[in-house]
Structures are given as structure tokens and as C-alpha cells.
2 protein chains.
Amino acid sequence: MPKYMQIADEIERQIQTLNLPQGTKLSNIQELTQTYQVSKNTILKTLKQLEDRGVIYQVQGSGIFVRRKKRKGYISLIQNQGFSSDFEDDSEKARLLNFGTLSANEHLASQLQCPVGTPLYEVERLHFFRGQIYCYEHSYFNQEVVSFLNQSIAETSIFEYLNQALHIQVGFSDKYLNIQSPSSEIANHLNLKKTDSVLKIEEVYYSSSGKAFDYSKNYYHPDHAQFFIQS
Amino acid sequence: MPKYMQIADEIERQIQTLNLPQGTKLSNIQELTQTYQVSKNTILKTLKQLEDRGVIYQVQGSGIFVRRKKRKGYISLIQNQGFSSDFEDDSEKARLLNFGTLSANEHLASQLQCPVGTPLYEVERLHFFRGQIYCYEHSYFNQEVVSFLNQSIAETSIFEYLNQALHIQVGFSDKYLNIQSPSSEIANHLNLKKTDSVLKIEEVYYSSSGKAFDYSKNYYHPDHAQFFIQS
């Protein structure tokens, strides 16, 4: 992990441990370079990282301030780190329903911006938080980017594996949200009636070189899923 | 408008006009400084701006590439510029239902991080897109930040007024989403049945100096509202 990330993790941990309230003024850039014995450039990267995570805000000419997340149990719609990262503790669990391979049809090829016929991995999972189903996930990974995936990896955090084993970093993502009536299959997975509503989020993830590698359709349970966006 | 913003607007307009596909390689930083006759620093700010808008992505050591929004009629959940900015044309209209003042009760004071009793403006509006109701908005503005607001301003774009007349810039925002059954009042506003579902988004907007100035509850029609997030 790069130095600026380590420092960002440490500062975030301190803010949480000390339970610093929103608006608390932190050390300035010069003090931070001294505390961590790193260059100004590293500290600027650390601060950018903390800003992106919604942990601090900077006021020009005035300083660096603590920013707090106010509600617990909400899923971030911005952080691009897969399911497991959304919850602070280990209470997120996934159950694999289906793992396989297939060739991209026209719809999948258009979402993943690859030729029709490109080999894909297909993953279907149910996600639980504190024992309650909150999401049914149906994902497709382009095998030309994600060179290997298997059933036992799909039972854990796929994004952690992609990052650590295949060194695939998420560059950016597109997410599309709407409210839908669930199909019988989805109602069944989420223990809902067909007259209930689900939040559908379609996501396309791109590597840092701009290649689409994951297209997911996620269906969230209306009672067990809440979301936040810090921007 | 600062120079880097003007250049960002111009580049974005060019990409749209030329309908450049995703992944098209653009000029490099040096070429851009020459084209626009500005410093490297200005171009770096322009590129940051375009990246934040989801219009380009940069690949280290490789260049600057076009990023395209693929679906039309979706509302951005990240851009912090109020309702009117979400739609490319002028087909967004607001109808003012109620304008008034009140003193912050405990709930509102906690959302706006101000003392109980702080004077607030209250605004209720219905938002239409291409003639269809898509959102019922109930907003509160802290009068200690938003020093003046009236009925005729509330009939237009409040955020544009805040920005241009009061020079209040949005620094950051917190947004909380969930699915709810509408109250009778909200069902009525949105032409829904009480058994339908709405997407509720609660938002707190902070000025660039970190003061909360707007707390809004927005209820979106399930059939007429779709959202996207580029991150």
C-alpha cells in the first residue's frame, strides 16, 4: 500500500477512535509533513484521498476539518470497492447462488463494451447484513480483463481478489438507479411479494486504464437497504 | 467564471457536439496549454473539473480520454447544483406549493447543525420533467447563511440565485436514500396510491466554508425518476 494511503488510513482511524465531531480543525499541511516525516506532495495525496472518502474537508486559507458520516448502516453509492467495504464490521456475508461462464450476447457486449461472443464469468449472489437479505446480485466479468475467477473466490470478496491477486484497480464506474417491481425470481430471492418495490442499481466498473470489466445488476430489498452519498 | 471553468465548459461542449465516443484520446496537457494559451496549472484544474463531471478520464503515462454518459433523462446524484442542472434542455419546471419562514425545531436544528430556534426559510415545490411530476421537494434554508429568499426566487432555480446573488458555493453534501411508502399528502402530490413506493432522498448541503445551509427531503416518483452516479 502506498505511503499516502497508509497515512490516510491512520488519520481516518484516529478520527473514528477519538470520535472527533464534524468541524474539528486538524493539523495543517506543514505539521502533517513533520508528524509523518514525508514530503508535502505525499500529504497532498493523503488529503485528496481523505476528501474523496468524505472524512475531511478543506477550506482555502483556513485549514483542514473533520467531516463525519452521521448515520450508520448506510451503503455508500460512491466508494468503488465492492460489497464488503460498505460495512464497518464483519456482518456482511455473501451466499453464492450460481457461478459459470458464458459468451457475451448483444446486451452484455454493449454494457461491457466488448465484441459479442467475448467469454464472460457469471456470478449470482445473495448479500446479507446482520443476517438479513439486503441484495440479490447478478454480475458479469469480462475474461479478457479478469483472467481468472472460480467458485471459491466468488464466495468471498471478488473486488479484494481482483485488486490483490490480479492488480485490477477500479478507475471509475457508472451506476444507474431506478425503482422496479421485482420479477418472480427476484421477489423469491429477496423474500418479497411481486407487488413490492425494489431498488435496482446497474453498475459498470472500469479499470484504471479505462477497460470495462464488470457489469452488475443489483436488486436491493426496500426495507433492509439504505444508501448514502457524500460528494 | 474562472478561466479553468470556461475551458472545461468549452471542452465538454466540443465532446458533445462532435459526439466523440468513449475512449477517444484527447490532446495532452502541453497541447492544451498551447491551444488555450494558459498555464499548466490552469489546465490541471480544468482536467480535474472535467474528471469530476465524468466527462474525461486520465490514464497515467498514457493520456486523457473521453468518458460518455450512456443514458439520457437520468438525474445525477453527485453533481451538487440543484434540480435545474440535471436536465440538458429547459424541460425541467418547478411549481411552488408553499413558501414561508419558521424557527428550527430539534429535528431541523440537528440536520442543519444550528441552535434550536434559528430562523429558517421553508420551501415546498413540485418538480416536473417534460410535463410529468417527478419530485416533491420540502426544503429548509438556514437564514444565518441564506440571508434572503422570497417567493419569486423560490419559483425559479434557488441554487443559481444562491450562487450568483449570495455567492454561496456548495462545498459538499450528504445524501441519504431509501425506499418508502408515501404518506397520504405525498401520494397526493405525486399522483400515487399509498401502496406505491417512493424514493426518498434527504440532503444536507454545506457551503465551501463547511456551514450547513440547506436541508431537503425529496420524494421521487417511482416511474418518472431515474438516477445515475459517475464516480
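Residues numbered from 1 in each chain as written. Chains lettered and ligands numbered in written order. Predicted model: local features only at pLDDT ≥ 70, side-chain atom pairs only at ≥ 80, totals over all residues. Heavy atoms only, no water.

Details of the packing of helix H2 (residues 29-36) of chain A against helix H3 (residues 40-52) of chain A
All names here are of chain A.
- Interhelical geometry of H2 versus H3 gives an angle of 110 degrees and a closest axis separation of 9 Å. Considering the angle they form, H2 stands roughly perpendicular to H3. Every residue of H3 that contacts H2 at Ile29, Leu32, Thr33 and Tyr36 is listed here: Lys40, Ile43, Leu44 and Leu47.
- In terms of residue class, the contact of H2 with H3 is made up of six nonpolar, one polar and one charged. (Axes fitted to C-alpha atoms, helices over the stretch in contact; angles between N-to-C directions. Helix = DSSP H or I, 4+ residues; strand = E, 2+ residues; numbered from the N terminus. Parallel < 35°, antiparallel > 145°, perpendicular 65-115°, else oblique. Contact = heavy atoms within 4.5 Å. Nonpolar A, V, L, I, M, F, W, Y, C, P; charged D, E, K, R; others polar.)

Concerning the environment of Leu112 of chain A
Residues and elements named next belong to chain A.
- One can find Leu112 in helix H4 (residues 106-112).
- Separated by 93 residues in sequence, Leu112 and Tyr205 have C-alpha atoms that sit 8.8 Å apart.
- If sequence neighbours within four positions are ignored, Leu112 has contacts with Leu120, Tyr140, Ala212, Phe213, Asp214 and Tyr215.

Thoughts on helix H2 (residues 29-36) of chain B
Residues and elements named next belong to chain B.
- Among the residues of H2, those classed as buried are Leu32, Thr33 and Tyr36. End-on, the buried residues of H2 take up no more than an arc of 100 degrees, which puts them together on one face. Residues of H2 that are exposed and point over 90 degrees away from its buried face: Gln30 and Thr35.
- Its side-chain oxygen 3.2 Å from the backbone nitrogen of Gln30, Asn28 forms the N-cap of H2.
- Of the residues trailing H2, Gln37 is marked for its positive phi of about 55 degrees. (Buried < 20%, exposed > 50% of the residue type's maximum accessible area, 1.4 Å probe, protein only. Arc of directions from axis to C-beta. Polar contact = N/O pair within 3.5 Å; in protein donor to acceptor, adjacent residues only side chain to side chain.)

Re the sheet that holds strand E5 (residues 119-129) of chain B
- Taken in spatial order, the eight strands make up an open sheet running E3(A)-E10(A)-E7(B)-E8(B)-E9(B)-E6(B)-E5(B)-E4(B), and their pairing is mixed. Single-partner strands in this sheet number two, and they are strand E3 (75-76) of chain A together with strand E4 (92-103) of chain B.
- Examined bridge by bridge, strand E6 (residues 132-142) of chain B and strand E9 (residues 212-220) of chain B share seven bridges and lie antiparallel to one another. If you follow Phe141 of chain B over to E9 of chain B, its bridge partner there is Asp214 of chain B. (Pairing = 2+ DSSP bridges.)

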